[in-house]
Amino acid sequence: NLVNDEKENNIIMSGLIESAYHNVLGCKTTKNVWDKLENIYAGDSNVKEAKLQIYREKFEQLRMKEDCNIAAYFQYVDEITNTLEGLGEPIEDKTIIWKILRTLPGRFNPKVLVLEYSANLDKLSKEELHGVLIAYEMRLDEEEGTSHLATAFAASKKTYKEKQPSKA
């Protein structure tokens, strides 16, 4: 239907950035617009397959760095898994959850062990895991802050004692 095609074309064209708009300006149908945009941004089947290989490898090599925080790590995992899904290869949440648990640094081992032996792990969503790990990370940071505070207190106490005149 010509009217529907024009409406759909209007919707697509109104959502494009200027450079993309100019790329598809001469297209006559919505299908032509869509096909051209797909080819420009996703590439042909060879390009898609190459991208899939790259992102599969990124997913396989996932590992949270020691200096990274949970929020940043989850964002990185989401970027990889969303790209894979966009390329036609969705990954189940359960697979993502297990991947995250296996790739956390050692400081998360106590929490990972508790989660692995929990009867609720199969029911845990990625968002819930994110919340659990954020809370655990906050506790770790708080403990480290407390230990730093205790060390600073001990050092200042020692310095204070050294400055006191000796009683002879």
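Residues numbered from 1 in each chain as written. Predicted model: local features only at pLDDT ≥ 70, side-chain atom pairs only at ≥ 80, totals over all residues. Heavy atoms only, no water.

Draft legend 1. Expanded view of the packing of helix α4 (residues 45–60) against helix α5 (residues 70–86). Where α4 meets α5, the axes come as close as 9 Å, and the angle between the chain directions of the two elements is 145°. At the point where α4 passes α5, the crossing takes the left-handed sense. Listed contacts from α5 to Leu52, Tyr55, Arg56, Lys58 and Phe59 of α4 are Tyr76, Ile80, Thr81, Thr83 and Leu84. A per-class count over the contact of α4 with α5 returns six nonpolar, two polar and two charged. (Axes fitted to C-alpha atoms, helices over the stretch in contact; angles between N-to-C directions. Helix = DSSP H or I, 4+ residues; strand = E, 2+ residues; numbered from the N terminus. Left-handed = near helix turned anticlockwise from the far one by under 90°. Contact = heavy atoms within 4.5 Å. Nonpolar A, V, L, I, M, F, W, Y, C, P; charged D, E, K, R; others polar.)

Draft legend 2. Examining the pattern of salt bridges more closely. If you walk through the whole model with that rule in mind, you get seven salt bridges. When the shortest N-O distance is used, the salt bridge between aspartate 35 and lysine 31 registers 2.9 Å. Of this pair, aspartate 35 and lysine 31 are both found in helix α3 (residues 30–41), four residues apart, which corresponds to roughly one turn of the helix. Using a relative accessible area of 56% as the deciding quantity, one classes lysine 31 as exposed. With a shortest N-O distance of 2.5 Å, arginine 56 and glutamate 89 are connected by a salt bridge. With arginine 56 in helix α4 and glutamate 89 in the loop between α5 and α6 (93–102), this residue pair connects regions lying 33 residues apart in the sequence. Taking the relative accessible area as the measure of exposure, glutamate 89 reaches 23% and is therefore partly exposed. Residues participating in the shared-partner salt-bridge network are Glu49, Arg56 and Glu89. (Salt bridge = Lys/Arg side-chain N within 4 Å of Asp/Glu carboxyl O. Buried < 20%, exposed > 50% of the residue type's maximum accessible area, 1.4 Å probe, protein only.)

Draft legend 3. The arrangement of a negative patch on the surface in detail. A surface patch of like charges, here negative, comprises Glu92, Asp93, Glu127 and Glu128. Structurally, glutamate 92 is set in the loop between α5 and α6. Its relative accessible area of 58% is what places glutamate 92 among the exposed residues. (Patch = residues over 30% accessible without salt bridge, like charges linked within 9 Å, V, L, I, M, F, W, Y side chains within 5 Å. Areas by Shrake-Rupley, 256 points an atom, 1.4 Å probe, with all protein chains shown as cover. Lys, Arg positive; Asp, Glu negative; His and termini not counted. Charge placed at Lys NZ, Arg CZ, Asp CG, Glu CD.)

Draft legend 4. Layout of the environment of asparagine 10. With respect to the helices, strands and loops of the structure, asparagine 10 is situated in helix α1 (residues 2–14). Counting along the chain gives 20 residues from asparagine 10 to threonine 30, while the straight-line C-alpha distance between them is 8.7 Å.

Draft legend 5. The packing of aromatic side chains, seen in detail. Enumeration according to the criterion identifies one aromatic pair in this entry. Ring geometry for phenylalanine 108 against tyrosine 136: centres 5.9 Å apart, planes inclined by 50°, an arrangement best described as tilted. Taken as a pair, phenylalanine 108 in the loop between α6 and α7 (109–116) and tyrosine 136 in helix α8 (residues 126–163) lie far apart in primary sequence, 28 residues in all. For the pair shown, phenylalanine 108 and tyrosine 136 are each scored as buried. Across from the ring centre of phenylalanine 59, 5.6 Å away, lies the NZ or CZ of lysine 99, which sits over that ring. (Phe/Tyr/Trp six-rings, centres within 6.5 Å; stacked < 30°, edge-to-face > 60°. Lys NZ or Arg CZ within 6 Å of the ring centre and 35° of its normal.)

Draft legend 6. How the structure looks around the nonpolar core. Ile100, Leu101, Leu104, Phe108, Leu129 and Leu133 are the most contacted members of the largest nonpolar core, which has 26 residues in total. Contributions of two or more residues to this core are made by α4, α5, α6, α7 and α8. By residue number, the principal contributor to this core is α5, which donates six residues. Apart from the residues lying within four places of it in its own chain, the contact partners of leucine 104 are Met64, Ile70, Tyr73, Val112 and Leu133. Val24, Cys27, Val33 and Leu37 belong to the second largest nonpolar core, which has seven residues in total. (Core = buried A, V, L, I, M, F, W, Y, C linked by side-chain atoms within 4.5 Å.)

Draft legend 7. Representation of the environment of cysteine 68 in the model. Position of cysteine 68 among the secondary structure elements: in the loop between α4 and α5. A relative accessible area of 22% means that cysteine 68 is categorised as partly exposed. Each C-alpha atom of the pair cysteine 68 and proline 105 lies 9.4 Å from the other, and the pair is 37 residues apart in sequence. Each residue touching cysteine 68, except ones within four places of it in the same chain, is listed here: Tyr73, Arg107 and Glu137.

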